[in-house]
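# Descriptive structure summary
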Amino acid sequence: MDRIFRDSLDVSGVRGIMLYTTDEKLVCSKFNRPLRSDPEKSVEWALFLNSLKGVQELELLFEDGRLYVRKTVVGPLIVFMDLVPVSMLKLTTEILANSLDDRRIKKELGIQT
């Protein structure tokens, strides 16, 4: 499963990635380095993701970082990153989003097609 997310995780400034299904179930969580708190436990992601229905792409800027959320065929992809340019990240997440439409990838992630 790591190979699927490797290109996006290798982009400079990316801290980690979480992928959810359309019904807000966590499929994958990969982080390059620890965050101040565990994002899986410290945030009510289902509530946040449910409020994003219809949103294709979202970028949230904070004092010390950024969240980039992108809709995929599987569900929302959340990228945690430093305050760095996002152009390369957008390219790699586009490639990642397209690869998630592959049946073999969905099977590897344990997602029913």
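Our subject is the structure listed above.
Residues numbered from 1 in each chain as written. Predicted model: local features only at pLDDT ≥ 70, side-chain atom pairs only at ≥ 80, totals over all residues. Heavy atoms only, no water.

## A short note on the side chain of arginine 66
Note on placement: arginine 66 falls in strand S4 (residues 65-71). At 2.4 Å, the side chain of arginine 66 forms a polar contact with the side chain of glutamate 59. Those residues in contact with arginine 66 that lie beyond four places of it in its chain are Glu59, Leu60, Leu61, Val79, Phe80, Met81, Asp82, Leu83, Val84 and Val86. (Helix = DSSP H or I, 4+ residues; strand = E, 2+ residues; numbered from the N terminus. Polar contact = N/O pair within 3.5 Å; in protein donor to acceptor, adjacent residues only side chain to side chain. Contact = heavy atoms within 4.5 Å.)

## Some remarks on helix H4 (residues 87-99)
Counted at 1.5 Å a residue, the expected span for H4 with its 13 residues is 18 Å, and the 19 Å between its end C-alpha atoms agrees. Every buried residue of H4 is listed here: Leu89, Thr92, Thr93, Leu96 and Ala97. Buried positions in H4, seen along its axis, are confined to an arc of 140 degrees and lie on one side of it. Along H4, exposed side chains directed more than 90 degrees from the buried face belong to Ser87, Ile95 and Asn98. (Expected span 1.5 Å × (residues − 1). Buried < 20%, exposed > 50% of the residue type's maximum accessible area, 1.4 Å probe, protein only. Arc of directions from axis to C-beta.)

## Some thoughts on the pattern of salt bridges
A complete count under the given rule lists six salt bridges for this structure. Where arginine 6 meets aspartate 10, a salt bridge forms, and the shortest distance between an N and an O atom there is 3.1 Å. The exposure class assigned to arginine 6 is partly exposed, which follows from its relative accessible area of 34%. We note a salt bridge from glutamate 59 to arginine 66, for which the minimum N-O separation is 2.4 Å. Given a relative accessible area of 32%, glutamate 59 falls into the partly exposed group. (Salt bridge = Lys/Arg side-chain N within 4 Å of Asp/Glu carboxyl O.)

## Some remarks on the packing of aromatic side chains
Under the definition given, this model contains three aromatic pairs. On the basis of an interplanar angle of 50 degrees and a centroid distance of 5.3 Å, the ring pair of phenylalanine 31 and phenylalanine 80 is categorised as tilted. You can see phenylalanine 31 sitting in strand S2 (residues 26-31) and its partner phenylalanine 80 sitting in strand S5 (residues 76-81), a full 49 residues away along the chain. We classify phenylalanine 31 as partly exposed; its relative accessible area is 29%. (Phe/Tyr/Trp six-rings, centres within 6.5 Å; stacked < 30°, edge-to-face > 60°.)

## Concerning the environment of lysine 107
Tracing the sequence through the fold places lysine 107 in helix H5 (residues 103-109). Looking at lysine 107, the relative accessible area reads 72%, which means it is exposed. In sequence terms lysine 107 and methionine 18 are 89 residues apart; their C-alpha atoms lie 17 Å from each other.

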